[in-house]
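Each chain, letter by letter, is given below.
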Amino acid sequence: MFISPALAQDAAGGAGSGFISFLPLVLIFVVFYFLLIRPQQKKMKAHREMVQALKRGDRVVTGGGIVGQVTRVTGDAEVQVEIAEGVRVSVMRGTITDILSRSEPADSGGGGNAASGPVSGPSNDQGKGGIINRLMGR
């Protein structure tokens, strides 16, 4: 008399509803992975490769917006950058945000100029597809 028929039906049909209620959480995680996590990992990998490829003579921009030329690669964690005539500072490799121009390799005899222009980076991607391709890291 006090138990409604709706409660009795819910108790009998609860075996498959656990997976169905968990499915939206799985779909949200998949969307977050492809729209946020994967592009961020690609961006971090590209930055790490750029920083590891630093060499003497590269013109760089630091995280604080200071433009200078790499004068010495001190170790795995830091480089020495000349920001003005005779003014050299040590900066952490991770704070270098962009390479404006590459120095010419020492072993090239008279080939192409390696410092001909800016290295392609996030700011030079303007015409490469729509927002979805940029979000997906393509």
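Below is a summary of the structure that appears in this document. (Residues numbered from 1 in each chain as written. Predicted model: local features only at pLDDT ≥ 70, side-chain atom pairs only at ≥ 80, totals over all residues. Heavy atoms only, no water.)

### With respect to the pairing of strand 2 (residues 67-73)
Pairing analysis gives three bridges linking strand 1 (residues 59-62) to strand 2, with the strands arranged antiparallel. Each residue of the ladder has a partner; that of Val61, found in strand 2, is Val67. If you look at the hairpin formed by strand 1 and strand 2, you'll find four residues sitting between the two strands, and Gly65 has a positive phi there, around 90 degrees. Counted along the chain from strand 2 to the antiparallel partner strand 3 (residues 78-84), the turn is four residues long. (Pairing = 2+ DSSP bridges. Helix = DSSP H or I, 4+ residues; strand = E, 2+ residues; numbered from the N terminus.)

### A closer look at the pattern of salt bridges
Taken as a whole and judged by the stated rule, the model has two salt bridges. Of the charged contacts in the structure, one is a salt bridge between Arg102 and Asp58, with a shortest N-O distance of 3.5 Å. Note that Arg102 is positioned in the loop between strand 5 (96-101) and helix 3 (131-136) and Asp58 in the loop between helix 2 (17-52) and strand 1, a separation of 44 residues in sequence. For the residue pair Arg102 and Asp58, the accessibility class agrees, reading buried in each case. Three or more residues are tied together by salt bridges with common partners; here these are Lys55, Asp58 and Arg102. (Salt bridge = Lys/Arg side-chain N within 4 Å of Asp/Glu carboxyl O. Buried < 20%, exposed > 50% of the residue type's maximum accessible area, 1.4 Å probe, protein only.)

### A closer look at the side chain of Asp58
On the basis of relative accessible area, Asp58 is assigned to the buried category, the value being 0%. Among residues more than four places away in sequence, those in contact with Asp58 are Ala53, Gly68, Gln69, Val70, Ile99, Ser101, Arg102 and Ser103. (Contact = heavy atoms within 4.5 Å.)

### Notes on the packing of aromatic side chains
By convention here, two paired aromatic rings are described through the distance between centres and the angle between planes. Considering all chains together, one arrives at one aromatic pair under this definition. Between the aromatic rings of Tyr33 and Phe34, the centroid separation amounts to 5.2 Å while the plane-to-plane angle is 80 degrees, which identifies the pairing as edge-to-face. Residue Tyr33 is classed as partly exposed on the basis of its relative accessible area, which comes to 31%. (Phe/Tyr/Trp six-rings, centres within 6.5 Å; stacked < 30°, edge-to-face > 60°.)

Shape descriptors only; they carry no functional weight alone.
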